[in-house]
Each structure stands twice: as structure tokens, then as C-alpha cells.
Amino acid sequence: MRSRTKIVSLVLFLSMMISVFAGCGSAEDKEFSSNGFTVTLPGNAKEMDQSLGYTACYQVGNDIVVAAIEETKSSLQSLGLAEDATVEEYAALVAEVNGYSADDIKTLTGTDAPYFEYSSTVSDVEYNYMGVCYESDESFWFVNLGTTADKFDSVKEDFERWAASVKVIIF
């Protein structure tokens, strides 16, 4: 009888552990859309408040943010960007305006999207970002994927996959 109780206890314990670990897995990917911006992220991503000036913004887990800003081509002429500028020229302008070199720009694998990586420190915490540029008919988009510096290398492949899923339209 004691042996049977031990077996039942062991089965219950193992079942409980399996359910706990199953709940820790990553959520299925889901397409999120807002204001002409679409991106595929883990299903547990949450749309964030756009009051900071972002066209669309999402939080993934506790320490990843994906934020998109749409800028019309006509509004960028005051910064010296021609209305018929390419997305590569836009990326160079964004990099240079933010203190980075156009030489830092690469092309996202599997796409034509130019991007650059950069870092900043906020309240003594270092953050790393991947800034990716896109073009729609009348706008350019700057999409920022960021996390704390200590996690960047472990999520960079996710950032690249999410960035490759981006679709933009004029809204």
C-alpha cells in the first residue's frame, strides 16, 4: 500500500512539474498591427502607450521594447533629405542625426532593410538597440528593438526575425 502511495505521489509531482515547465515556454508568434505598422512578435507581447510619440510600440516580456516611428518624406526635407530619397539615405540621416556613422549601417539578412546597432545608458542601466529602417510610399519608418545590454546577444536573433517580419503602409 505504501509503495502505491509513493507511485501516486511521484506521478502527481511529475505532472505538476510538467505543467509548470509547459507554462514557462514561449508564446506562439502573433501578428500585431497598429497605425499602418505590422510586426510578428511572441503572442504574449503587449501594446504600449503611444504618448511618447511612437506610431506603434510593444513590450515583449519585462525587458524588450519594439517601437516604430513613421516620418513622412515631405517632413524630412527640412533636414536635407530629398523627397525621392532612398531608405538607405534615410538610414544614414537617422544614424548621423543620432551621433552614429553611416558606415555603421548594415543590411538585415534576407531583406533590403538597412539597420545599425547602438547603445545608450539611462539611469545607470546600459541598453542596446537594433534600429531598422523601412519605406512605404510616402513615409520612412524607424523601428527600434531594444533591451538591456546584458541580454542583447541572447535576443539578437529574435530581433532579426521580428525585424524581417515588419510590414509598413501609409496610414
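One can find the structure itself at the top, above this paragraph.
Criteria and thresholds
Residues numbered from 1 in each chain as written. Predicted model: local features only at pLDDT ≥ 70, side-chain atom pairs only at ≥ 80, totals over all residues. Heavy atoms only, no water. 1 Å grid on protein atoms, 1.4 Å probe; cavity = no way out; pocket = protein on both sides within 12 Å on 5 of 7 lines; lining within 4 Å. Points joined across faces, edges and corners; volume = space filled by probe spheres on them. Helix = DSSP H or I, 4+ residues; strand = E, 2+ residues; numbered from the N terminus. Nonpolar A, V, L, I, M, F, W, Y, C, P; charged D, E, K, R; others polar. Buried < 20%, exposed > 50% of the residue type's maximum accessible area, 1.4 Å probe, protein only. Pairing = 2+ DSSP bridges. Expected span 1.5 Å × (residues − 1). Bend = angle between axes of the 7 residues up to and from the residue. Contact = heavy atoms within 4.5 Å. Axes fitted to C-alpha atoms, helices over the stretch in contact; angles between N-to-C directions.

**Student:** So, the layout of surface pockets: which residues are in play, and what are the values?
**Tutor:** Put simply, the largest pocket is a space of about 270 Å³. For the lining of the largest pocket, the elements supplying multiple residues, two or more each, are β5 (64–72), β8 (125–135) and β9 (139–148). Considering every element that reaches the lining of the largest pocket, the biggest residue donor is β9, with five residues. In terms of residue class, the lining of the largest pocket is built from 10 nonpolar, four polar and one charged.

**Student:** Give me the pairing of strand β2 (residues 37–42): which residues, what numbers.
**Tutor:** Regular strands show a simple pattern: their side chains alternate between the two faces of the sheet. Summarising burial for β2: five of the six residues are buried, a large majority. Where strand β1 (residues 29–34) meets β2, six bridges bridge the pair, whose relative direction is antiparallel. Bridge assignment links F32 to a residue of β2, and that residue is V39. Where β2 and strand β10 (residues 167–168) come together, two bridges link them in antiparallel fashion.

**Student:** Could you give an account of helix α3 (residues 149–164), naming the residues involved and the relevant values?
**Tutor:** Along its 16 residues, α3 runs 22 Å from first to last C-alpha, staying within 8% of the 22 Å computed at 1.5 Å per residue. Of all the bends found along α3, the most pronounced is centred on V155 and spans about 60 degrees. All of the buried residues along α3 are F152, V155, F159, W162 and A163. On the buried face of α3, the contacting elements are β2, β4 (56–60), β5, β7 (114–122), β8 and β9.

**Student:** Describe the sheet that holds β5, and please don't skip the residues or the numbers.
**Tutor:** Through backbone hydrogen bonds, the strands of a sheet pair up, either in parallel or in antiparallel fashion. A sheet is described by the order of its strands in space; here seven strands give the open sequence β3-β4-β5-β9-β8-β7-β6, paired in antiparallel fashion. Each end of this open sheet is capped by a strand with a single partner; those strands are β3 (46–47) and β6 (106–107). Sheet topology places β6 next to β7; two bridges connect them, and they run antiparallel. Looking at β7, one finds that T107 is bridged to P114. Of the strands in this sheet, β5, β7, β8 and β9 are in contact with helix α2 (residues 87–97), which crosses β7 at around 15 degrees. Helix-sheet contacts for α3 involve β4, β5, β7, β8 and β9, and the interaxial angle to β9 is about 150 degrees.

**Student:** Give me the lowdown on unusual backbone geometry, citing residues and values where you can.
**Tutor:** For N35, which is not glycine, the phi torsion reads 55 degrees and is therefore positive. You can see N35 is positioned in the loop between β1 and β2. The backbone of D124 sits at a positive phi, close to 65 degrees, despite the residue not being glycine. The topology assignment puts D124 in the loop between β7 and β8. Under the relative-accessibility criterion, D124 is labelled exposed at 79%.

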